[in-house]
Amino acid sequence: MLRTDRFHIPAKQASRYQTAGVFLGGDAAHVHSPLGARGMNLGIEDAASFARRFGDGMLAGYTDERRPAGHRWIELSERILSTVQSTNRFIQTFRNLAMRTIGAVPALQRQSASRA
């Protein structure tokens, strides 16, 4: 069956994760496609970073620590979405071969899971 629909969630990221006493994390700080399976975990990491920094009295560096992580996952989820939805036969063939290979090789599965 040929898929003809497209899935898109506009990827967005706050320019700053902190302003005065207001701090953003999770979906308030970054929104992206669920592909890559990092949305909830990224938000939990934001909360853990905030809690650690709050406990240490070092809130000033929160944006500098967390914004790059959000940016990396936004870029990755957009690349994954583009690859999944590609109509280019070469990319489709490469994508399908890569997924079959990862699915058949436990070491590649572990490496892929550790990046998620």
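In this report, the structure presented in the accompanying data block is examined.

**So, the overall build of the chain**
A count of helical and extended segments in the chain gives four helices and four strands. Reading the chain from its N end, one meets helices and strands in the order β-β-β-β-α-α-α-α. Counting only residues that meet the buried cut, the chain has 25% of its 116 residues in that class. Counting only contacts in the chain whose residues sit at least 6 apart along the sequence, the fraction spanning at least 24 positions is 54%. Just so you have it, the chain exposes about 8100 Å², and 61% of that area is on carbon and sulfur atoms.

**Details of helix 2 (residues 62-84)**
The end-to-end C-alpha distance of helix 2, which contains 23 residues, comes to 33 Å, matching closely the 33 Å that a straight helix rising 1.5 Å per residue would cover. Looking at helix 2, one finds that the buried residues are Y62, T63, R66, A69, G70, W73, I74, L76, S77 and L81.

**Notes on helix 3 (residues 89-104)**
Across its 16 residues, helix 3 extends 22 Å between first and last C-alpha, which sits within 8% of the 22 Å expected from 1.5 Å per residue. For helix 3, the capping residue at the N-terminal end is N88, with a side-chain oxygen 2.8 Å from the backbone nitrogen of F90.

**Things to note about the packing of aromatic side chains**
Under the criterion given, the structure shown has five aromatic pairs. Aromatic pair F50 and Y62: ring centres 6.1 Å apart, planes at 85°, arrangement edge-to-face. A residue pair is termed long-range when its members are at least 10 positions apart, and F50 in helix 1 (residues 39-56) and Y62 in helix 2 qualify at twelve residues. Using a relative accessible area of 2% as the deciding quantity, one classes Y62 as buried.

**Considering the pattern of salt bridges**
Taken as a whole, this structure holds four salt bridges when the rule is applied. R52 is paired through a salt bridge with E65; the nearest N and O atoms lie 2.7 Å apart. With R52 in helix 1 and E65 in helix 2, this residue pair connects regions lying 13 residues apart in the sequence. Taking relative accessible area as the criterion, R52 reaches 40% and is therefore assigned partly exposed. A salt bridge links R53 to E65; its shortest N-O distance comes to 2.7 Å. Here E65 lies in helix 2 and R53 lies in helix 1, a separation of twelve residues in the sequence. Judged by its relative accessible area of 27%, E65 falls in the partly exposed class. When salt bridges that share partners are traced, they join E45, D46 and R66 into one network.

About the criteria used
Counting restarts for each chain, with residues numbered from 1 along the sequence as it is written. Per-residue local features of the predicted model are confined to residues with pLDDT of at least 70, and side-chain atom pairs are confined, for both listing and counting, to 80 or more; whole-chain, interface and lining totals are unaffected and use all residues. Note: side-chain values were computed over all heavy atoms of the structure, leaving out hydrogens and water. Put simply, DSSP marks the helices as runs of H or I at least four residues long and the strands as runs of E at least two long, and each gets a number from the N terminus on. When accessible area is computed with a 1.4 Å probe and restricted to protein chains, residues below 20% of their type maximum are described as buried, those above 50% as exposed, and intermediate ones as partly exposed. A contact between two residues is defined here by any heavy atoms of the two lying within 4.5 Å. For the area figures, the Shrake-Rupley method with a 1.4 Å probe applies, and any residue is considered shielded solely by the protein chains shown. Any helix carries an expected span of 1.5 Å times its number of residues minus one. Any N or O atom pair separated by 3.5 Å or less is treated as a polar contact, with the protein-specific requirement of one donor-capable and one acceptor-capable atom, and with residues adjacent in sequence counted only for side-chain atom pairs. The pairing test for Phe, Tyr and Trp rings, Trp by its six-membered ring, is centres within 6.5 Å, and the orientation test on the planes gives stacked under 30 degrees, edge-to-face over 60, and tilted for anything in between. Salt bridge, as applied in this entry: a Lys or Arg side-chain nitrogen positioned within 4 Å of an Asp or Glu carboxyl oxygen.

Such coordinate-based values are descriptive only and should not be taken to indicate function.
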